[in-house]
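Residue-level structure breakdown
Letter by letter, the chains look like this.
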Amino acid sequence: MPPPGQVRLPDPDAVKLRVRSLISTHWVMIFSKSYCPFCRKVKDLFHTLGVEYSALELDKIDDGPNIQEALLELTSQRTVPNVFINGNHIGGCDQTFQAYHDGTLQKLLGNEKGEEMESYDYDLIIIGGGSGGLACSKEAATLGKKVMVLDYVVPTPLGTTWGLGGTCVNVGCIPKKLMHQAALLGQALQDSRKFGWEYDQQVKHNWETMVEGIQNYIGSLNWGYRVALREKTVTYLNAYGEFIGPHKIKAINRKGQETFYTAQTFVIATGERPRYLGIPGDKEYCITSDDLFSLPYCPGKTLVVGASYVALECAGFLTSLGLDVTVMVRSILLRGFDQEMAEKAGAYMETHGVKLIRKFVPIEIIKLEDGMPGKLKVIAKSTEGSQVIEGEYNTVLIAVGRDACTRTIGLDKIGVKMNETNGKIPVNDEEQTNVPYVYAIGDILEGKLELTPVAIQAGKLLARRLFGGSSVKCDYVNVPTTVFTPLEYGCCGFPEEKAIELFGQENIEVYHTYFWPLEWTIPNRDNNTCYAKIICNKINDNRVIGLHVLGPNAGEITQGFGAAMKCGITKELLDETIGIHPTSAEVFTTMGITKSSGKDISQSGC
Ligand code: FAD
Ligand code: NAP
């Protein structure tokens, strides 16, 4: 018997002889098909490793099918690629990559030359210590790998900087949700009088106290991340990482000192930073979300430019904290979201004090007065004509989207492709770039959701696939999300307009209703404002393909229904579910009115 994995003894058959001869005379032999993406992936791997190989494209030769038959007999594998190194049968694409990731491939490649393959400083280097990078690094280290994470924050134009953990912890989800909470408490204080609370003191908000509390909490999280990396024996470097050649990076620290490291595998998780408008005065005088959450003074009268998640969330809590806030909207609210819901969220904001200037964009920002805050003049022009308007504000918050941090990390040095227009990195369904040893996760991915739990899930699963023998991929479908506007908007699945586009109006049924949260009744707040709807696919058992809710605690409500949608919940199953009374979420278990019926959905009680 030949040793395990070795090809069996020669067969008299001519085709088999030819196959055997190809295997034995070529150091790396790949039986391939020219159109097969898996074959391409394997060839790319050897190419990147700088290893010469021979590939026989079976679809290009007459006796290709016979060779495939012979391979089946020799290796019990019919599919291509079918890879051999020094006569050893490696297998197909998955097995080749598995061998690459566990180091067997390198050993086999090294042995023939009588030398060790290059040994690397690390099994894995991750550039970017945010949501995705940290999750991936800790998982890889748990699986016994030698891991390094580099994290470096380039200060904002105003000089703001922060600690380990990336956007979410320092300048994203965490401080945003805490400021949203500060705003909700203000509303709760107002409601409380109606519930019998009596207090004499004047109630006012102190910006500095809120920021101090939030920043102290963030400081504790930064520290916690450092400790967690140390406990998992992940090497953390507070330095800017940049590729300088295959498998090699340069790390530049705060003092400009350079060090160099190599690794077998790399993960890029560099995230995004706020985009500026590119108009006179924007970088000099305006702030972005990167500055807002640690701003040492109350921003005062504020103009928020932009109309998506960041813009509306920030405008919402600033208004609820008592500031005079205007949002300048270029086109629509919350592009990509269900527009009926987006407009309802916007309408609630307007009735609660947020001013919207629609179809205008700033063209110049002029400083009128220094100060904390100072005073700025904003000149804006209509997107529909030549009308120009001016306004004076203490603070201008630019929230017009974010740019991927991919243009200055040496991707060109190793040939990693990116979308030149938006800097995003395309990857396959295993988060692998076009360079086989380089992966990418999180906000920098092309066509994927920019959310913390998505980055974390992708990072964790990637580490398990690379080093833990797992094949589970990140599922980017039916990801629930919530916009933390004053009236929260949670959703999962398709917006109504997208469902109509994909399935046809005649194949979907929309159930909807207004609802009045019980806690809003005594203060007599905003009846017929909270709204819920589900979109069902009639031709697929009335499966719920879109779920939308506008109301208090929408994030908490949406999470559970997100799980139900992952399990394929149908309208019938929702109807069979018994509600929890009295809650807002129970509204989804009792929805009887279809939009197409045109029936009245207004509520007069909870
Ligand atoms: P990041 O968390 O951005 O981490 C990337 C890290 O890499 C950063 O620390 C960066 O400084 C560092 N870096 C960049 N280049 C280099 C380099 N060359 N070398 C070393 N280090 C480098 N998502 C939600 O799910 N819920 C929310 O409520 C939510 N709210 C948000 C509110 C705001 C205001 C913003 C801006 C975002 C919000 N997000 C929210 C989105 C969420 O923050 C991101 O999706 C998430 O942080 C992405 O994680 P990441 O790992 O891709 O990148
Ligand atoms: P975004 O979703 O890319 O939206 C950009 C907004 O800015 C749009 O309203 C856009 O208007 C507007 N805009 C773009 N260029 C402009 C210009 N030159 N002048 C005026 N307006 C302009 O960006 P984002 O709000 O920064 O959010 C980034 C990502 O972070 C989101 O995709 C989200 O995944 C994540 N995030 C999540 C949460 C959460 O989970 N709660 C919160 C915040 C952020 P148009 O519609 O006209 O293009």
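What you see as residue numbers is a count from 1 along each chain, following the sequence as written. The naming scheme follows written order: chains are lettered A onward, ligands numbered 1 onward. Per-residue local features of the predicted model are confined to residues with pLDDT of at least 70, and side-chain atom pairs are confined, for both listing and counting, to 80 or more; whole-chain, interface and lining totals are unaffected and use all residues. In computing side-chain values, all of the structure's heavy atoms are included and hydrogens and water are not.

Overview of the overall build of the protein
Heads up, the rule is: Helix numbers and strand numbers start at the N terminus; a helix is a DSSP run of H or I with at least 4 residues, a strand a run of E with at least 2. Exposure classes here rest on a 1.4 Å probe applied to the protein chains alone. A residue is buried below 20% of its type maximum, exposed above 50%, and partly exposed in between. Any two residues whose heavy atoms approach within 4.5 Å are treated as being in contact. Only the protein chains shown count as cover for residues, and the accessible areas themselves come from Shrake-Rupley with a 1.4 Å probe. Think of it this way: Lys and Arg go in the positive column, Asp and Glu in the negative one, and His and the chain ends go nowhere. Taken as the charge location is NZ of Lys, CZ of Arg, CG of Asp or CD of Glu.
Scanning the protein from terminus to terminus reveals 18 helices and 26 strands. Projected onto its principal axes, the C-alpha coordinates of the protein cover approximately 95 × 60 × 50 Å. For the protein, the proportion of its 606 residues judged to be buried stands at 51%. Within the protein, contacts between residues separated by at least 24 positions form 64% of all contacts whose residues are at least 6 apart in sequence. Carbon and sulfur atoms form 52% of the exposed surface of the protein, whose accessible area is close to 28000 Å². Measuring between centres, the 60 positive side-chain charges of the protein sit 2 Å from its 70 negative side-chain charges.

Concerning the UniProt feature "binding site: NAD(+)" (unreviewed entry) in the protein
The cut-off we apply is this: UniProt positions are given in the numbering used here, feature names are shortened, and annotations may be inferred rather than shown by experiment.
Within this numbering scheme, the UniProt entry marks Gly306, Ala307, Ser308, Tyr309, Val310, Ala311, Leu312, Glu313 and Gly401 as carrying the feature "binding site: NAD(+)" (unreviewed entry). Judged by maximum C-alpha separation, these annotated positions cover 96 residues in sequence but sit close together in space, the widest gap being only 13.4 Å. Topologically, Ala307 is positioned in the loop between strand 13 (302–305) and helix 12 (309–320). When residues no more than four places from it in sequence are discounted, the contact partners of Ala307 are Leu312, Val329, Ile332, Leu333, Leu334 and Ala399. Tracing the backbone through its elements, the reader meets Ser308 in the loop between strand 13 and helix 12. What makes Ser308 partly exposed here is its relative accessible area of 31%.

Some thoughts on the site of ligand 2
Convention followed: Nearness is judged by heavy atoms alone; a residue qualifies as near a molecule or strand once a single heavy atom is within 4 Å of it. Gly counts as polar in this scheme, as do all residues outside two lists: the nonpolar Ala, Val, Leu, Ile, Met, Phe, Trp, Tyr, Cys and Pro, and the charged Asp, Glu, Lys and Arg.
Neighbouring ligand 2 are 21 residues, the closest being Glu313, Ser331, Arg335, Glu450 and Thr482. Look at ligand 2: alone it shows 930 Å² of surface, and the protein chains cover 79% of it. Mapped by element, the contributors of at least two residues to the shell around ligand 2 are helix 12 and strand 22 (481–483). Per-element accounting of the shell around ligand 2 gives the leading share, three residues, to helix 12. Of the residues contributing to the shell around ligand 2, the split by class is nine nonpolar, six polar and six charged.

Side note on the packing of aromatic side chains
Each aromatic ring pair is characterised by the separation of its centres together with the angle its planes make. Here is the rule: The pairing test for Phe, Tyr and Trp rings, Trp by its six-membered ring, is centres within 6.5 Å, and the orientation test on the planes gives stacked under 30 degrees, edge-to-face over 60, and tilted for anything in between. For a Lys NZ or an Arg CZ to count as sitting over a ring, it must be within 6 Å of the ring centre and within 35 degrees of the ring normal.
Using the criterion set out here, one finds 14 aromatic pairs in the structure. On the basis of an interplanar angle of 40° and a centroid distance of 6.2 Å, the ring pair of Phe293 and Phe317 is categorised as tilted. Taken as a pair, Phe293 in the loop between helix 11 (289–292) and strand 13 and Phe317 in helix 12 lie far apart in primary sequence, 24 residues in all. The exposure class of Phe293 is buried, given its relative accessible area of 2%. Residue classification places Phe317 among the buried positions, given a relative accessible area of 1%. Three or more aromatic residues joined by ring pairs make a cluster, and in this case those are Phe243, Phe266 and Tyr437. Its guanidinium or amino end placed over the ring of Phe97, Lys41 lies 4.9 Å from that ring's centre, counting from NZ or CZ. Across from the ring centre of Trp520, 4.3 Å away, lies the NZ or CZ of Arg525, which sits over that ring.

Regarding helix 17 (residues 554–566)
Operational definition: What a helix should span is 1.5 Å times the count of its residues minus one.
Taking 1.5 Å of rise per residue, the 13 residues of helix 17 would be expected to cover 18 Å, and the 18 Å separating its terminal C-alpha atoms lies within 8% of that figure. Burial in helix 17 covers these residues: Ala554, Gly555, Ile557, Thr558, Phe561, Gly562, Ala564 and Met565. The inward-facing, buried residues of helix 17 abut strand 22, strand 23 (489–493), strand 26 (543–550) and helix 18 (571–576). Where helix 17 terminates, the next one or two residues include Gly568, which has phi positive at roughly 85°.

Thoughts on the sheet that holds strand 3 (residues 82–85)
Quick reminder of the rule: We call two strands paired when DSSP finds no fewer than two bridges between them. With axes taken as lines fitted to C-alpha atoms, and helix axes fitted only over the stretch in contact, angles between N-to-C directions fall between 0 and 180 degrees.
Spatially, 2-1-3-4 is the arrangement adopted by the four strands of the open sheet, whose pairing is mixed. Each edge of the open sheet is held by one strand with a lone partner, namely strand 2 (54–57) and strand 4 (88–91). Strand after strand, the sheet turns through a mean of 20° between neighbouring axes, direction not considered. The pairing of strand 1 (residues 28–32) with strand 2 spans four bridges and is parallel. Each bridged residue has a counterpart across the sheet, and for Phe31 the counterpart in strand 2 is Leu56. Across the sheet, helix 2 (residues 37–48) lies against strand 1, strand 2 and strand 3, angled at about 160° from strand 1, the strand it touches most. Running over the sheet, helix 4 (residues 93–102) touches strand 3 and strand 4 and is turned about 105° from strand 4.

Describing the nonpolar core
The cut-off we apply is this: We define the nonpolar core as a collection of buried residues of types Ala, Val, Leu, Ile, Met, Phe, Trp, Tyr and Cys that are connected through side-chain atoms lying within 4.5 Å of one another.
If you look at the biggest cluster of nonpolar residues, it comprises 73 residues, and the most contacted ones within it are Trp207, Leu292, Phe317, Ile534 and Phe588. In terms of nonpolar packing, the next biggest core, distinct from the first, is built from 70 residues, Leu109, Ala239, Ala458 and Leu461 among them.

A few points about the packing of helix 2 against helix 4
Spelled out, the test is: Here is the rule for angles: anything less than 35 degrees is roughly parallel, anything more than 145 is roughly antiparallel, 65 through 115 is roughly perpendicular, and the remaining ranges are oblique. By convention the crossing between two helices is left-handed if the near helix lies anticlockwise of the far one by an angle smaller than a right angle, and right-handed if it lies clockwise.
Helix 4 packs onto helix 2 with a crossing angle of 25° between their chain directions and a minimal axis gap of 9 Å. Put simply, helix 2 runs roughly parallel to helix 4. Between helix 2 and helix 4 the crossing geometry is left-handed. Contacts between helix 2 and helix 4 involve Phe38, Lys41, Val42, Leu45 and Phe46 on the former and, on the latter, Cys93, Thr96, Phe97 and Tyr100. In the contact of helix 2 with helix 4, the residues fall into seven nonpolar, one polar and one charged.

What to know about the site of ligand 1
This is how it is decided: Any N or O atom pair separated by 3.5 Å or less is treated as a polar contact, with the protein-specific requirement of one donor-capable and one acceptor-capable atom, and with residues adjacent in sequence counted only for side-chain atom pairs.
What surrounds ligand 1 is a group of 35 residues, the closest being Asp151, Tyr152, Thr167, Lys176 and Asp443. Between ligand 1 and Tyr152 there is a distance of 2.8 Å, counted from an oxygen atom to a backbone nitrogen or oxygen. In the environment of ligand 1, an oxygen atom lies 3.0 Å from a nitrogen or oxygen atom belonging to the backbone of Thr452. Compared with its free state, where it exposes 1000 Å², ligand 1 has 93% of that area covered by protein. Sorting the residues of the shell around ligand 1 by element identifies helix 6 (131–142), helix 7 (166–171), helix 8 (173–194), strand 8 (239–245) and helix 15 (452–467) as the ones contributing at least two each. Looking at the shell around ligand 1, the element that brings in the most residues is helix 7, giving four residues. Considered class by class, the residues forming the shell around ligand 1 number 16 nonpolar, 14 polar and five charged.

A short note on the side chain of Thr558
Within the fold, Thr558 resides in helix 17. With sequence-adjacent residues up to four places away left out, Thr558 is seen in contact with Pro480, Thr481, Thr482, Gly490, Cys491, Cys492 and Val549.

Structural notes on the environment of Asn434
Among the secondary structure elements, Asn434 is positioned in the loop between helix 14 (411–414) and strand 21 (438–440). Separated by 125 residues in the primary sequence, Asn434 and Tyr309 have C-alpha atoms spaced 31 Å apart. When residues no more than four places from it in sequence are discounted, the contact partners of Asn434 are Asp44, Gly415, Val416 and Lys417. Within the structure, the side chain of Asn434 is placed 2.8 Å from the backbone oxygen of Gly415, a separation counted as a polar contact. Only 2.8 Å separates the side chain of Asn434 from the backbone nitrogen of Lys417, close enough to count as a polar contact.

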